[in-house]
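As a plain string of letters, each chain reads:
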Amino acid sequence: MTIFWRNTLTLAGAATLSLGIAYAQTPDLSDPPAIEGEVLGDHGSHTLRMGLGLSDTSPQYLSSRYFADILEQRTEGRITVNIFPNSQLGDDVQMMEMLQTGSLDMSYPSSSPATTYVQELAVFDLPFLLPSREAAIAVMQSETAQRMLDAFEGTGIKALTFSENGYRQLTNSARAVESPEDVAGLDVRGLSVRTMENPVHLSIWETLGANPTPMAFGELFSAMEQGVVDGQENPWSTILTSNFYEVQDYGSETRHVYTPFIMMMSQRTWDRLAPEYQELVQEAARQSAEYEIQLSTEYDDWAREQLEERGMQITRLDDDQVAAFQEAVQPVYDRWAPRIGEDLIAEIQSIVDATQ
Ligand code: KDG
């Protein structure tokens, strides 16, 4: 953090000295790995458009740039990827529909709104299922997860790889939250919380006594600014890189769900690529996903500290407090586990257990 003095003019025109603080925009991030591998021959030229919900300082954007660089370098510029951050081209749901019709080439949504295409993905939405990042990575790299990507076959979407969105944390503008009772509000109304467009997330916040509202990510900042909702939940990196701290005073380290991202391509675009290019795209997607996970890890604690420096009051929960949330959301399991599939949950559980 650098502190500098700046002169400002008051309305009356007198110069006053005020304290300005210039915050670092990103932590000290690892450089992307060197791009290796042969340069492919000429299999045609393609300019691809990729839409993201998150901002151009997010790990998702930075690693997508790496993806674009790999393709560009290894095809001598025959494949170019233009990336549009900040929901410029639409939200997760809209962009997946655009992939289906072929009006967009690539997108990178959370797995949660993608459950309308592949229902099994909802396993990731179950609260407190993945106790550590190691467990989450093992699950994302498992054959079980690959089956979920393959299950997009026939939807008009080619799912390329999982990467990390991360552990989601609650923020709000009403009060400090350290228990489910604080969410529900005993003497006051329950918090109104924006959720992703996903029924399990809705169920989590209903069960906790909040008033949940599913909403597109791109509408969230102004909804919080205008008081349409009190709060939301997202990883610290997103809360920082989307400037949510400007409209949210309180954060709680709930880590209630770990959600992945899925890098996706329109099936129509995929089908237009030569097999050599398809293989390259798949390889670049995996490499950039690894880099994304690395950046996201580097961001996590740093982002929380930055939020505190910028004035957000963050409550860390001890084991007993986390256990209280876990217990409170048990009805979500009772309701959703049979629909998501007990076998699938057991499969995920055994991958998790192997990492403990
Ligand atoms: O680019 C991804 C975003 O659009 C979105 O998925 C972020 O986790 C997210 C949310 O809360 O919508």
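What counts and how
- Residues numbered from 1 in each chain as written.
- Predicted model: local features only at pLDDT ≥ 70, side-chain atom pairs only at ≥ 80, totals over all residues.
- Heavy atoms only, no water.
- Pairing = 2+ DSSP bridges.
- Helix = DSSP H or I, 4+ residues; strand = E, 2+ residues; numbered from the N terminus.
- Core = buried A, V, L, I, M, F, W, Y, C linked by side-chain atoms within 4.5 Å.
- Buried < 20%, exposed > 50% of the residue type's maximum accessible area, 1.4 Å probe, protein only.
- Domains from an automatic or database assignment.
- Contact = heavy atoms within 4.5 Å.
- Salt bridge = Lys/Arg side-chain N within 4 Å of Asp/Glu carboxyl O.
- Buried area = accessible area lost by both parts, 1.4 Å probe.
- Polar contact = N/O pair within 3.5 Å; in protein donor to acceptor, adjacent residues only side chain to side chain.
- Nonpolar A, V, L, I, M, F, W, Y, C, P; charged D, E, K, R; others polar.

A look at the sheet that holds strand β5 (residues 106-107)
Spatially, β4-β3-β5-β12-β6 is the arrangement adopted by the five strands of the open sheet, whose pairing is mixed. Two strands lie at the open edges of the sheet, namely β4 (79-84) and β6 (157-167), each paired on one side alone. In this structure, strand β3 (residues 46-51) lies alongside β5, joined through two bridges in parallel fashion. Counted as the bridge partner of Met50 is Met106 from β5.

Focus: the nonpolar core
Ranked by internal contacts, the top residues of the largest apolar core, which has 56 residues, are Val123 and Leu130. Sorting the residues of this core by element identifies α2 (92-101), α3 (133-140), α4 (143-150), β6, α6 (199-207), β12 (258-266), α12 (330-340) and α13 (342-355) as the ones contributing at least two each. Mapping this core onto the domain boundaries places at least three of its residues in each of domain 1 (44-165 + 261-305) and domain 2 (169-257 + 307-355). Setting aside its immediate chain neighbours within four residues, Val123 contacts Leu129, Met148, Ile340, Leu344, Ile345 and Ile348. Listed in part, the 47 residues of the second largest apolar core include Ile70, Leu160, Met215 and Met265.

Some words on the pattern of salt bridges
Summed over the entire model, instances satisfying the criterion amount to twelve salt bridges. For Asp300, the salt bridge is made with Arg133, and the minimal N-O distance between the two is 3.6 Å. Taken together, the residues Asp300 in helix α10 (residues 275-309) and Arg133 in helix α3 connect sequence positions 167 residues apart. The pair Asp300 / Arg133 is uniform in exposure class, with both members buried. Of the charged contacts in the structure, one is a salt bridge between Arg168 and Glu233, with a shortest N-O distance of 2.8 Å. In this pair, Arg168 is assigned in the loop between β6 and β7 (169-172) and Glu233 in strand β10 (residues 231-234), connecting sequence segments 65 residues apart. For Arg168, a relative accessible area of 0% gives the class buried.

Some words on the domain arrangement of the chain
One can read the domain layout of the chain as domain 1 (44-165 + 261-305) and domain 2 (169-257 + 307-355). On a C-alpha basis, the centres of domain 1 and domain 2 stand 23 Å from each other. Of the roughly 3,500 Å² buried between domain 1 and domain 2, counting both surfaces, carbon and sulfur atoms make up 64%. Considering only the side of domain 1, the residues that lose the most area to domain 2 are Pro127, Phe128 and Arg304, jointly responsible for 23% of the buried surface there. Summed over the shared surface of domain 1 and domain 2, the number is two salt bridges. Residues Glu347 and Arg147 are paired through a salt bridge, measuring 3.0 Å at the closest nitrogen-oxygen approach. Counting every contact that joins domain 1 to domain 2 gives 16 residue pairs in polar contact (both at pLDDT 80 or more). When residues of the side of domain 1 that touches domain 2 are traced back to their parent elements, those giving at least two are α3, α4 and α10. If one sorts the elements of the side of domain 1 that touches domain 2 by residue count, α10 sits on top with six residues. Of the residues assigned to the side of domain 1 that touches domain 2, the class counts are 19 nonpolar, twelve polar and eight charged.

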